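# Structural overview
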Amino acid sequence: MQKRPLGKTGLSVSEISFGTWAIGGAWGKTDEKESLRALEKAIDEGVNFFDTADVYGDGRSERLLAQATRGKEDRIHIATKFCRAGDIHDPQTYREDRVRQWCEASLRRLGRETIDLYQIHCPPKFILEDGSVFEVLDRLQAEGKIRAYGVSVESVEEGLICLRYPGVQALQIIFNLFRQKPIDELLPAAHRQGVGLLVRLPLASGLLTGKFTVHSRFESSDHRHFNRNGEHFNVGETFAGLPFEKGVELAQQLAWIADGRDGSMTRASLRWLLDFPEITCVIPGFKNVKQVEDNLAARWVKPFTEEERARLRKFYHEHVHAHIRGNY
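Let us look at the structure shown here. Note that the structure is predicted; figures quoted are calculated from it, not measured. (Residues numbered from 1 in each chain as written. Predicted model: local features only at pLDDT ≥ 70, side-chain atom pairs only at ≥ 80, totals over all residues. Heavy atoms only, no water.)

## Regarding empty space enclosed by the protein
Going by this rule: Whether a set of points on the 1 Å grid over the protein atoms alone is a cavity depends on a 1.4 Å probe fitting there but being unable to get out, while an open set qualifies as a pocket with protein on both sides within 12 Å along at least five of seven lines; lining residues are those with an atom within 4 Å of a point. Grid points are joined across faces, edges and corners, and a volume is the space filled by probe spheres set on the points. Each residue is assigned to one class: nonpolar for Ala, Val, Leu, Ile, Met, Phe, Trp, Tyr, Cys and Pro, charged for Asp, Glu, Lys and Arg, and polar for all the others, Gly among them.
Counting across every chain of the model gives 1 cavity of 30 Å³ or more. Approximately 80 Å³ is the volume attributed to the largest cavity. Together, Val153, Glu154, Ser155, Val156, Ile173, Ile174, Arg179, Gln180, Lys181, Pro182, Leu186 and Tyr328 line the largest cavity. Residues that form the lining of the largest cavity fall into these classes: 7 nonpolar, 2 polar and 3 charged.

## As for the sheet that holds strand E9 (residues 196–200)
Think of a sheet as strands paired side by side through backbone hydrogen bonds, with each pair either parallel or antiparallel. The condition that has to hold: Strand pairing is assigned whenever DSSP detects at least two bridges linking the two strands. Only DSSP runs of H or I with at least four residues qualify as helices, and only runs of E with at least two residues qualify as strands; both kinds are numbered from the N terminus onward.
Across the sheet, 8 strands lie side by side as E3-E4-E5-E6-E7-E8-E9-E10; this open sheet has parallel pairing. The open sheet has two free edges, formed respectively by strand E3 (18–19) and strand E10 (281–282), since each of these has just one partner strand. Bridge analysis of strand E8 (residues 168–174) against E9 gives 5 bridges, and the strand direction is parallel. Within the sheet, the bridge partner assigned to Gln172 lies in E9 and is Leu198.

## Here we look at unusual backbone geometry
Put simply, the rule is: For every residue, the accessible area obtained with a 1.4 Å probe (protein chains only) is divided by the maximum for its type, and the residue is called buried under 20%, exposed over 50%, and partly exposed between those limits.
A positive phi is found at Ser205, a non-glycine position, where the angle reads about 60°. Tracing the backbone through its elements, the reader meets Ser205 in the loop between E9 and helix H9 (223–226). Owing to a relative accessible area of 3%, Ser205 belongs among the buried residues under this scheme. The backbone of Asp262 sits at a positive phi, close to 65°, despite the residue not being glycine. Along the polypeptide, Asp262 turns up in the loop between helix H10 (244–253) and helix H11 (265–274).

## Here's the deal with the nonpolar core
As a reminder, the rule being used: By nonpolar core we mean a set of buried residues, namely Ala, Val, Leu, Ile, Met, Phe, Trp, Tyr and Cys, connected to one another through side-chain atoms within 4.5 Å.
Counting residues in each nonpolar core, the largest one holds 94 residues, and the members touching the most others are Phe134, Leu137, Leu171, Phe175 and Phe178. Ranked by the residues each element gives to this core, the list is headed by H11, at 6 residues. By size, the runner-up hydrophobic cluster in this structure holds 11 residues, among which are Leu11, Val13, Leu117 and Leu198.

Following this line, the structure appears as structure tokens:
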């Protein structure tokens with residue numbers, strides 16, 4: 001497993017790491033035993049970094065990570081997030097006493113003394129512009145409760161605001177073949193400042209696996225059902241902000257990327273992201289061992305040629321960009 005530096009934190013993390021939203025909840029039914037088997041498989045294959053949040057299954061994913069990494073805390077790094085257990089639009093949510101409370105609760109669930117990367121969980125832009133929350137995180141870092149901090153953002157603009165603050169060591173961004181806007185400004189800016197980039201939703205909520213049709217249906221507990229049009233949170237978190245039927249149509253037009261790459265759109269889509277040297281790691285989700293294995297196989301497929309990359313950029317600008325909804 002290739003590793004890449006996580007900004008200036010001193011940590012090197014597996015270029016294919018994993019997010020744990022799916023095993024926490026909001027992606028349909030979960031099986032904790034299978035989730036643990038999948039986590040163990042990832043660790044056995046060299047994955048040393050996992051992303052989670054306090055609200056994923058009301059702490060379920062943090063507890064699962066604690067169980068899977070017990071005794072391995074020195075070599076398996078964990079990023080978690082805070083603020084969405086409160087009202088993200090209320091400035092009081094970001095007061096020191098509230099942040100400290102959430103941090104200590106995550107530490108208890110994770111069974112750790114220090115959080116490797118503590119991230120603000122998609123706060124509104126005015127909170128980032130105010131910047132007071134970063135002073136709170138500076139104090140937690142000085143106390144050793146967190147090793148480094150970063151921000152999970154919804155948009156390029158929010159990411160650029162975060163780069164104004166020297167303490168921010170990592171940004172978590174939505175970036176995939178359907179969301180290419182970060183390429184122009186955010187990727188080079190973060191790279192210049194030595195800020196790590198974690199890529200969430202690399203498969204656009206599964207659209208880029210190529211397995212869906214317009215007749216595909218999702219469980220009522222799956223955000224791909226209940227947040228399809230942004231009813232509960234930013235629509236960009238679901239299918240990259242594309243209307244589902246349009247996303248299926250566009251994915252079908254991208255089927256060619258699997259040629260010569262194990263016939264897998266999943267592996268090809270992840271490979272496209274890994275070809276960017278500015279990216280620290282991709283963090284696809286998973287619910288079982290098979291999905292872990294499929295995602296990890298992306299490290300072995302061939303890179304994209306310059307001609308292929310130019311073709312994909314043209315496709316994005318001409319056929320995808322205009323259909324994306326949400327603040328991006």
